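Below, each chain spelled out in residue letters.
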Amino acid sequence: MQTFKGIAVSPGIVIGRVFVLDDQHRRIPRRQVRPEALQEEHDRLWKSLGQSIAELNGLRESTRRQLGDEAAKIFQFHIGMLSDASLTRPMHERIDREQVTAEYAVYMGFDDLLRQFSKIPDASFQTKVDDIKDLSSRVLTHLIGEHKQRLDRMVSGIVVARDLTPSQTAAFDRRHVQAFATDLGGRTSHTAIFARALGIPAVVGVGHLTEAVFDDSAIIIDGDRGIVVLEPDERTLDEYEGYIEARRTLTISLGEVAKLPSVTTDGTHIQLLGNIEIPDEITQVIEAGGEGVGLYRTEFLYLVSNVEPTEEEQFAAYKRAVELSAGRPLTIRTMDLGADKATQERADNPERNPFLGLRSIRYCLQNLPMFKTQLRALLRASALGPIKVMFPLITSTNEMRQARYLLNDVMEDLEDEGQKFDRSIDVGMMVEVPSAALMAASFARECSFFSIGTNDLVQYTLAVDRINERVANLYNPAHPAVLRLIRDVVRAARRYNVPVSCCGESAGDPEYALLLIGLGLRTLSATPSAIPGLKRLVRKVSVQDCEKIARKAISLDSDAAATAYVRDQARKIIPELIDGRSAEQ
Ligand code: PEP
Ligand code: MG
């Protein structure tokens, strides 16, 4: 049994079998085949080698055209290796000798070669090692398929991968993927957000998990506490089965809270809204006791396809959201592409610092036809029911003005075409960078509402990459610097009579929600599954208590002290929501 500690990003506990989804560290289990099926394995091996060589020929030609003969030589070297019988003959021999699959023979063949090269203490051989890994991965991909093809064949299991892109996660079918764990990643990565949206328990930032697992290993994913247990022993299995049962009971009791009003013990209404990625999640929000949608992230349509969604596709999604909301609040955020979302994955020249680069509203303002298409779809949907529009990652008043100007432009186009829309639609902005928070008073005159996005606000205030597991311990929304920014935004909003909410992931954490209420927030927007816990909290506290806790936390001089203090206070008020979680969270 091995236990790994990672970051809990999507709640739930699953006991099951591993399905490895990883190119770099792909480990192929040794599978025997019947003697009469050996010829088929030889044929598969020939075919995959032939397909790889054909692919490399194509790459060599296109590289030669674009970069010249020298650059193309690398592929000549690869083709030479794959055509070399001293590499491929032992693979065929292994199939016969050990009666194993072609993929296992290929994996072991390249592994032997890697071992030989790794022993040579000459730096120039390191590039050969990379070449061999690359070739091994290419041939294996032909033999056992790309991620997607592999996933299509998967019946049910727990995905383990070095990393997953948001689009890979978005494409998961929750009937087949019971849970997942990755070596890399942080709590607020968009991959983590999608896991929560899909209701798939997940642990990320586990470190070296992929190096320890094989397909079919027994595994426990504890998405509540950020723990992964490989090949658990009987005692651990018993413990976890007990925990799963206790969890089920708590979920039932929280379910009962869903229908009750969200009012503090001193009578203040705290509006609880949901964060969604796809319109159908609105049903989950309502079932969980949410009053509407505080953040509809509209990137989903871009993430699940390689082509830009059309105006009609976007309109259909927004129309569905309006219908499902049935008059409840619905805040739709314009696309927040870039950084770890879609555009970087597809870029020919990925940026060196994507979170500081062309992301979000900046990307939109440089891709006007694409942006206008979304605004058209949004405005057209506003004719069908109440919608608010929100722009992400606004850092200067100029950006806000430009975005509004474009929205007006699109309104005029629609008017000319005789299309209906809500002319007085509310237009707001995310406050998720320190510049926006510090200048909240100026922004208050530029827009009709604020939504504080702590996922990014924390990352940009503390200079901690939100998806880098190596610095995940430094990512702390309770840092007094962050709390002060939030307090100031709320003060400015009140002064100028601009509604303000918080929609970062931490708004869904009951402990943190205590602070947010204490800092003056009266609207919180969180992942749907977090809403019942939030409501339980709201119904057990008074605003006065929260204010006291926030005042003290904000006055402390370290984030560790603030976290410990808030944890302590929360434990007194809502022990059932705090205890049972690991001390590290
Ligand atoms: C945020 O930054 O807090 C936020 C809600 O936006 P996202 O997580 O989509 O970047
Ligand atoms: Mg953000």
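Above: the structure in question.
Since the model is a prediction, treat every value here as computed from it, not as a measurement.

What counts, and where the lines are drawn
Residues numbered from 1 in each chain as written. Chains lettered and ligands numbered in written order. Predicted model: local features only at pLDDT ≥ 70, side-chain atom pairs only at ≥ 80, totals over all residues. Heavy atoms only, no water. Helix = DSSP H or I, 4+ residues; strand = E, 2+ residues; numbered from the N terminus. Buried < 20%, exposed > 50% of the residue type's maximum accessible area, 1.4 Å probe, protein only. Core = buried A, V, L, I, M, F, W, Y, C linked by side-chain atoms within 4.5 Å. Contact = heavy atoms within 4.5 Å. Donors = N, O, S within 2.8 Å, 3.2 Å for Na, K, Ca; no water. Near = heavy atom within 4 Å. Polar contact = N/O pair within 3.5 Å; in protein donor to acceptor, adjacent residues only side chain to side chain. Areas by Shrake-Rupley, 256 points an atom, 1.4 Å probe, with all protein chains shown as cover. Axes fitted to C-alpha atoms, helices over the stretch in contact; angles between N-to-C directions. Parallel < 35°, antiparallel > 145°, perpendicular 65-115°, else oblique. Left-handed = near helix turned anticlockwise from the far one by under 90°. Nonpolar A, V, L, I, M, F, W, Y, C, P; charged D, E, K, R; others polar. Salt bridge = Lys/Arg side-chain N within 4 Å of Asp/Glu carboxyl O. Pairing = 2+ DSSP bridges. Expected span 1.5 Å × (residues − 1). Phe/Tyr/Trp six-rings, centres within 6.5 Å; stacked < 30°, edge-to-face > 60°. Lys NZ or Arg CZ within 6 Å of the ring centre and 35° of its normal.

Asks: I would appreciate a short explanation of the environment of glycine 385 in the present structure.
Replies: By the element assignment, glycine 385 lies in the loop between helix H16 (368–382) and strand E12 (388–391). Glycine 385 sits in the buried class, given a relative accessible area of 16%. C-alpha of glycine 385 to C-alpha of leucine 330: the two residues are 55 residues apart in sequence and 9.1 Å apart in space.

Asks: How do you make sense of the nonpolar core when you look at a structure like this?
Replies: A general trend in soluble globular proteins is that nonpolar side chains are found buried together. Residues Phe391, Phe450 and Ile486 are the most contacted members of the largest nonpolar core, which totals 108 residues. A total of 8 residues in this core trace back to one element, the largest contributor, which is helix H21 (residues 480–495). Residue contacts for phenylalanine 450: discarding those within four places in its chain leaves Met429, Val431, Ala440, Phe443, Ala444, Val489, Ala493, Val498, Pro499, Val500 and Ser501. In terms of nonpolar packing, the next biggest core, distinct from the first, is built from 31 residues, Leu49, Val100, Phe110 and Leu135 among them.

Asks: Is there a simple way to think about unusual backbone geometry in this case?
Replies: As a rule of thumb, non-glycine residues mostly have phi less than zero, and peptide bonds are mostly trans rather than cis. For aspartate 216, which is not glycine, the phi dihedral falls at a positive 80°. Tracing the chain through its elements places aspartate 216 in the loop between helix H9 (209–212) and strand E7 (218–222). The exposure class assigned to aspartate 216 is partly exposed, which follows from its relative accessible area of 43%. Notably, alanine 326 is not glycine yet its phi reads approximately 45°, a positive angle. With respect to the helices, strands and loops of the structure, alanine 326 is situated in the loop between helix H13 (311–325) and strand E11 (330–333). Looking at alanine 326, the relative accessible area reads 57%, which means it is exposed.

Asks: Whenever I open this one, the coordination of the magnesium ion (ligand 2) confuses me. Can you help?
Replies: In ideal tetrahedral geometry, four donors around a metal make angles of 109.5 degrees, whereas ideal octahedral geometry with six donors gives angles of 90 or 180 degrees. Of the protein atoms, only Glu432 (OE) and Asp456 (OD) coordinate the magnesium ion (ligand 2), at distances of 2.0 to 2.1 Å. With glutamate 432 in the loop between strand E13 (426–431) and helix H18 (434–438) and aspartate 456 in helix H20 (residues 454–462), this pair connects stretches of sequence that are 24 residues apart. In this pair, the class of glutamate 432 matches that of aspartate 456, namely buried.

Asks: Explanation requested: the site of ligand 1 in the structure shown.
Replies: Near ligand 1 there are 17 residues, and of these Arg297, Arg333, Glu432, Asn455 and Arg466 occur at the shortest range. Within the backbone of asparagine 455, a nitrogen or oxygen atom sits 2.8 Å from an oxygen atom of ligand 1. One nitrogen or oxygen atom from the side chain of aspartate 456 is found 2.9 Å from an oxygen atom belonging to ligand 1. Protein chains bury 100% of the 290 Å² of accessible surface belonging to ligand 1 in isolation. The set of elements that each furnish at least two residues to the shell around ligand 1 consists of helix H8 (190–198), strand E10 (293–297) and H20.

Asks: What am I meant to see in the packing of helix H10 (residues 234–257) against helix H23 (residues 531–538) here?
Replies: Axes are the key here: two packed helices are described by the angle between their axes and the distance separating the axes. With their axes 9 Å apart at the nearest point, H10 and H23 run at an angle of 65° to one another. Of the possible angle classes, the one that applies to H10 and H23 is roughly perpendicular. Here H10 and H23 pass one another in a crossing that is left-handed. Between H10 and H23, the residues in contact are Ser253, Leu254 and Val257 and Pro532, Gly533, Lys535 and Arg536, respectively. Split into classes, the residues belonging to the contact of H10 with H23 amount to 3 nonpolar, 2 polar and 2 charged.

Asks: What should I look at first to understand the pattern of salt bridges in this one?
Replies: Applying the stated criterion to the full structure yields 36 salt bridges. With its nearest N and O atoms 3.1 Å apart, the salt bridge here joins glutamate 98 to arginine 94. With glutamate 98 and arginine 94 both in helix H3 (residues 85–98) and 4 residues apart, this pair spans about one turn of that helix. Look at glutamate 98 and you get buried, because its relative accessible area is 19%. Note that arginine 297 and glutamate 505 form a salt bridge whose closest N and O atoms lie 3.4 Å from each other. Separated by 208 residues along the polypeptide, arginine 297 in strand E10 and glutamate 505 in the loop between strand E15 (500–502) and helix H22 (510–518) bring together distant segments of the chain. For the pair shown, arginine 297 and glutamate 505 are each scored as buried.

Asks: Before we go on, may I ask you to explain the sheet that holds strand E6 (residues 202–204) in this structure?
Replies: Two strands in a sheet stick together by hydrogen bonds in their backbones, pointing the same way (parallel) or opposite ways (antiparallel). The 8 strands lie next to each other as E1-E8-E7-E3-E4-E5-E6-E2, forming an open sheet whose pairing is mixed. Every other strand in the sheet has two partners, leaving strand E1 (2–5) and strand E2 (7–10) as the edge strands with one partner each. On average, adjacent strands in this sheet sit at an angle of 30° to one another, irrespective of strand direction. As paired strands, strand E3 (residues 13–20) and strand E4 (residues 157–161) are joined by 3 bridges and run parallel to one another. Each residue of the ladder has a partner; that of phenylalanine 19, found in E4, is valine 159.

Asks: How should I be thinking about helix H17 (residues 397–417) in this particular structure?
Replies: Counting along an α-helix, one turn takes 3.6 residues, and residues three or four places apart therefore face a common direction. Taking 1.5 Å per residue, 21 residues should reach 30 Å; H17 reaches 30 Å between its end C-alpha atoms and fits that length. Within H17, burial applies to Thr397, Glu399, Met400, Ala403, Leu406, Leu407, Val410, Met411 and Leu414. Those residues of H17 that are buried are in contact with helix H15 (360–366), H16, E12, E13 and helix H19 (440–444). Glycine 418 sits one or two positions beyond H17 and adopts a positive phi of about 80°.

Asks: Honestly, the packing of aromatic side chains in this entry has me stumped. Any pointers?
Replies: For any pair of aromatic rings, geometry is given as the distance between the ring centres together with the angle between the planes. Under the definition given, this model contains 4 aromatic pairs. Centroid distance tyrosine 296 to tyrosine 318: 6.0 Å. Interplanar angle 80°. Geometry classified as edge-to-face. In this pair, tyrosine 296 is assigned in strand E10 and tyrosine 318 in helix H13, connecting sequence segments 22 residues apart. Side by side, tyrosine 296 and tyrosine 318 carry an identical accessibility label, which is buried. Stacked on the ring of tyrosine 243, the Lys or Arg arginine 225 has its end atom at 3.8 Å from the ring centre.

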